[in-house]
Amino acid sequence: MSGAVAHLVCDCDGVLLDSEAAAQRALQIQLAARLPPGVDAAAVIQPRLGMTLEALLADIAGQHPLPLTPDEIARIRRAVDAEVASRLRAVPGVAAALRAIPLPKAVASNSAGARVRAALRRTGLWPLFQGRVHCADEVGAAKPAPDVYLAACRSLRAAPDHCLALEDSVTGVTAARAAGLRVLGFAGAGHIAAGHAERLLAAGAGQVFDDMRRLPELVRRLQARPF
């Protein structure tokens, strides 16, 4: 039986920061110029959301020829990061929702640690996590591996079954479940496509919601009656 929810572990992009739509747009532009004619860049990106950029590009290259030299990957990375930085904002309502939940919190992200920390500071979310920010480039393995979630649990000094993850991607849900956390799926960020809630549930999310104003009540219910 799962323990009581006593800690909250949040993905960053698409949960704390409404950044995935900007990243997707920039990546689509970059890939449209590189993919073979007739291949829809949006269609190849969508099922790979939540992966690191490098893993996403390598996975696409396994199906379609791409000029993926280190210089090309660096150019794509610069274009995506610039677009995200220019449009950076917190997910609407997330700051108030997190402040209303009196539980210790951590971040578990596939994005680069330096970028995540800078973005959390710029959006005013950094103090909510008291430095407990864990990223794939620092723990050695990216989602869907469970490493970033296990690192977050260690920093909270908590067993995974006492932690609740907030995730917006199938990749992230898979990672959190592999680490032993329960998962709430969030489907309210700007990049979410039709049918995404069902995909999160199929990956292992216990519930899916699309408005951060609902989060405090959802957490209270889970504390009283875990799924």
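Refer to the preceding data block for the structure.
Residues numbered from 1 in each chain as written. Predicted model: local features only at pLDDT ≥ 70, side-chain atom pairs only at ≥ 80, totals over all residues. Heavy atoms only, no water.

Caption draft 1: Looking closely at unusual backbone geometry. Geometrically, the link from Lys143 to Pro144 is a cis peptide bond, its omega value of 15° lying close to zero. In this fold, Pro144 is placed in the loop between helix 7 (136–139) and helix 8 (147–156). Phi at Gln130 takes a positive value of approximately 50°, unusual for a residue other than glycine. The topology assignment puts Gln130 in the loop between helix 6 (113–122) and strand 3 (133–135). Looking at Gln130, the relative accessible area reads 61%, which means it is exposed. Positive phi outside glycine occurs at Arg157, with the angle close to 55°. Inspection of the secondary structure assignment puts Arg157 in the loop between helix 8 and strand 4 (163–167). According to the relative accessible area criterion, Arg157 is exposed, its value standing at 80%. (Helix = DSSP H or I, 4+ residues; strand = E, 2+ residues; numbered from the N terminus. Buried < 20%, exposed > 50% of the residue type's maximum accessible area, 1.4 Å probe, protein only.)

Caption draft 2: Structural context of the environment of Leu57. For Leu57, the position within the fold is in helix 3 (residues 53–61). Residue Leu57 is classed as buried on the basis of its relative accessible area, which comes to 0%. Spatially, the C-alpha atoms of Leu57 and Val44 are 9.9 Å apart, while their sequence positions differ by 13 residues. Beyond its immediate chain neighbours, meaning those up to four positions away, Leu57 contacts Leu27, Leu31, Leu66, Leu68, Ile73 and Ile76. (Contact = heavy atoms within 4.5 Å.)

Caption draft 3: Spotlight on the packing of aromatic side chains. Scanning all chains against the criterion turns up 1 aromatic pair. The interplanar angle of 50° and the centroid separation of 5.2 Å between the aromatic rings of Phe186 and Phe209 together place this pair among those described as tilted. Separated by 23 residues along the polypeptide, Phe186 in strand 5 (residues 182–186) and Phe209 in strand 6 (residues 207–209) bring together distant segments of the chain. Across the pair, Phe209 and Phe186 agree in class, each one buried. One Lys or Arg, Arg121, reaches over the ring of Trp126 and ends 4.1 Å from the middle of that ring. (Phe/Tyr/Trp six-rings, centres within 6.5 Å; stacked < 30°, edge-to-face > 60°. Lys NZ or Arg CZ within 6 Å of the ring centre and 35° of its normal.)

Caption draft 4: Region of interest: the sheet that holds strand 3. Taken in spatial order, the 6 strands make up an open sheet running 3-2-1-4-5-6, and their pairing is parallel. In this open sheet, the two strands that pair with only one neighbour each are strand 3 and strand 6. Going from strand to strand, the sheet's axes swing by 25° on average, the running direction of each strand aside. Relative to strand 2 (residues 105–109), strand 1 (residues 7–10) is paired through 3 bridges, and the arrangement is parallel. Among the inter-strand pairings, Val9 is bridged to a residue of strand 2, identified as Ala106. Taken strand by strand, helix 6 contacts strand 2 and strand 3, and its axis lies near 145° from that of strand 3. Strands in contact with helix 8 are strand 1, strand 2, strand 3 and strand 4; relative to strand 2, the strand with the most contacts, it is inclined by about 160°. (Pairing = 2+ DSSP bridges. Axes fitted to C-alpha atoms, helices over the stretch in contact; angles between N-to-C directions.)

Caption draft 5: Quick peek at the packing of helix 3 against helix 4 (residues 70–86). Packing of helix 3 against helix 4 leaves a shortest axis separation of 11 Å and a crossing angle of 125°. When the axes of helix 3 and helix 4 are compared, the pair comes out oblique. Read as a crossing pair, helix 3 and helix 4 show a hand that is right-handed. Where helix 3 approaches helix 4, its residues Leu53, Glu54 and Leu57 are matched on the opposing element by Ile73, Ile76 and Arg77. (Parallel < 35°, antiparallel > 145°, perpendicular 65-115°, else oblique. Left-handed = near helix turned anticlockwise from the far one by under 90°.)

Caption draft 6: Summary view of the pairing of strand 1. Every second residue of strand 1 is oriented toward a common face, with His7 and Val9 on one face and Leu8 and Cys10 on the other, all of them buried. Pairing of strand 1 with strand 4 involves 4 bridges; the strand directions are parallel. Paired with Cys10 across the strands is Leu166, a residue of strand 4.

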